[in-house]
Amino acid sequence: MHEIIFDVETTGLSPYYGHWIVEIGAVEMVDLEYTGRTVHRYINPERDIPEYATEIHGIDNAKVADCPIFADIVDAWLDFIGDTAKLVAHNAQFDMRFLNAELHRAGHNPIASARVIDSLALAKRIYPGQPNNLNALCGRLGVNNTHRTLHGALSDSKILCEVYKKLRENTK
């Protein structure tokens, strides 16, 4: 099975209020094995990044001032994910809301929800009533995340790759 584990960092909580992606990262898995293929881009959101968002991911206006806008990287992103790979995200509804809003803004069709796997929903089925954020799952599943001080799209995708593999192994 071909899967793309991805994450986005944003200027806020909802594209419906004018918030956009500032970082996108993804790793490729085939049959639950990391292939080593990755994609990572910082993106100019064409708006100011609020301080509360910078406190979460460490990305400020200066860091993305000279970066491409999403429309400039969309074709490379779509080439990386292909037409058939499943897309895996932790709290996928959040990430997909932003990704599909950016795709729309760039003149592309949204990604069908049938292609999306939410690792948070999977974790909640396996560990009901327990904390299932990425840090909690790392601790529970023995995934090293000691280098994670801030959220980062590529680093979180790599961590989620390991977490997701262990979650899938626990559902067999």
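Residues numbered from 1 in each chain as written. Predicted model: local features only at pLDDT ≥ 70, side-chain atom pairs only at ≥ 80, totals over all residues. Heavy atoms only, no water.

*Asks:* Please explain the overall build of the protein as it appears in this structure.
*Replies:* Scanning the protein from terminus to terminus reveals seven helices and five strands. Each helix and strand of the protein, placed in order from N terminus to C terminus, yields the pattern β-β-β-α-α-α-β-α-β-α-α-α. Taken over C-alpha atoms, the radius of gyration comes to 16 Å for the protein, in line with the 16 Å a tight globule of 172 residues would show. Overall size of the protein, expressed as C-alpha extent along the three principal axes, is 45 × 35 × 30 Å. Here the protein holds 172 residues, and the buried ones make up 47% of them. Put simply, the protein shows about 8600 Å² of open surface, and 50% of that area lies on carbon and sulfur atoms. (Helix = DSSP H or I, 4+ residues; strand = E, 2+ residues; numbered from the N terminus. Rg over C-alpha atoms; globule rule 2.2 N^0.38 Å. Buried < 20%, exposed > 50% of the residue type's maximum accessible area, 1.4 Å probe, protein only. Areas by Shrake-Rupley, 256 points an atom, 1.4 Å probe, with all protein chains shown as cover.)

*Asks:* Before we go on, may I ask you to explain helix α7 (residues 153-170) in this structure?
*Replies:* It helps to recall that an α-helix has 3.6 residues per turn; residues three or four apart then point in one direction. Here α7 contains 18 residues, and its C-alpha end-to-end distance of 25 Å stays within 8% of the 26 Å for a straight helix at 1.5 Å per residue. Buried within α7 we find Ala153, Leu154, Asp156, Ser157, Ile159, Leu160, Cys161, Val163, Tyr164 and Leu167. (Expected span 1.5 Å × (residues − 1).)

*Asks:* When you look at the packing of aromatic side chains in this model, what are you seeing that I'm missing?
*Replies:* Aromatic ring pairs are described here by two measures, namely the spacing of the ring centres and the angle between the planes. Within this structure, the stated rule accounts for two aromatic pairs. Seen from their ring centres, Phe94 and Phe98 are 4.9 Å apart, and the 55° between their planes marks the pair as tilted. Here Phe94 pairs with Phe98, and both are found in helix α4 (residues 92-105), just four residues apart, close to one helical turn. Comparing Phe94 with Phe98 shows no difference in burial state: the two are buried. Across from the ring centre of Trp20, 3.8 Å away, lies the NZ or CZ of Arg105, which sits over that ring. For Arg140, the ring lying beneath its charged end belongs to Tyr127, and the centroid distance is 4.6 Å. (Phe/Tyr/Trp six-rings, centres within 6.5 Å; stacked < 30°, edge-to-face > 60°. Lys NZ or Arg CZ within 6 Å of the ring centre and 35° of its normal.)

*Asks:* I keep staring at the packing of helix α3 (residues 70-81) against α4 and nothing clicks. Help me out?
*Replies:* In contact at an axis separation of 10 Å, α3 and α4 are set at 110° when each is read in the N-to-C sense. The orientation of α3 with respect to α4, classified from their angle, is roughly perpendicular. Helix-helix and strand crossings are classified by hand; for α3 and α4 the assignment is left-handed. Residues Phe70, Val74, Trp77 and Leu78 of α3 lie in contact with α4, whose contacting residues are Leu99, Glu102 and Leu103. Class assignment for the residues of the contact of α3 with α4 results in six nonpolar, no polar and one charged. (Axes fitted to C-alpha atoms, helices over the stretch in contact; angles between N-to-C directions. Parallel < 35°, antiparallel > 145°, perpendicular 65-115°, else oblique. Left-handed = near helix turned anticlockwise from the far one by under 90°. Contact = heavy atoms within 4.5 Å. Nonpolar A, V, L, I, M, F, W, Y, C, P; charged D, E, K, R; others polar.)

*Asks:* Honestly, the sheet that holds strand β3 (residues 33-42) in this entry has me stumped. Any pointers?
*Replies:* Within a sheet, adjacent strands bond to each other through the backbone by hydrogen bonds, running parallel or antiparallel. The strand order across the open sheet built from five strands is β3-β2-β1-β4-β5, with neighbouring strands paired in mixed fashion. The two strands at the open ends of the sheet, each matched to only one other strand, are β3 and β5 (116-118). Neighbouring strand axes in the sheet, compared pairwise and without regard to direction, differ in orientation by 25° on average. Note that strand β1 (residues 2-10) and strand β2 (residues 21-30) share nine bridges and pair antiparallel. The residue of β2 that forms the bridge with Glu3 is Met29. (Pairing = 2+ DSSP bridges.)

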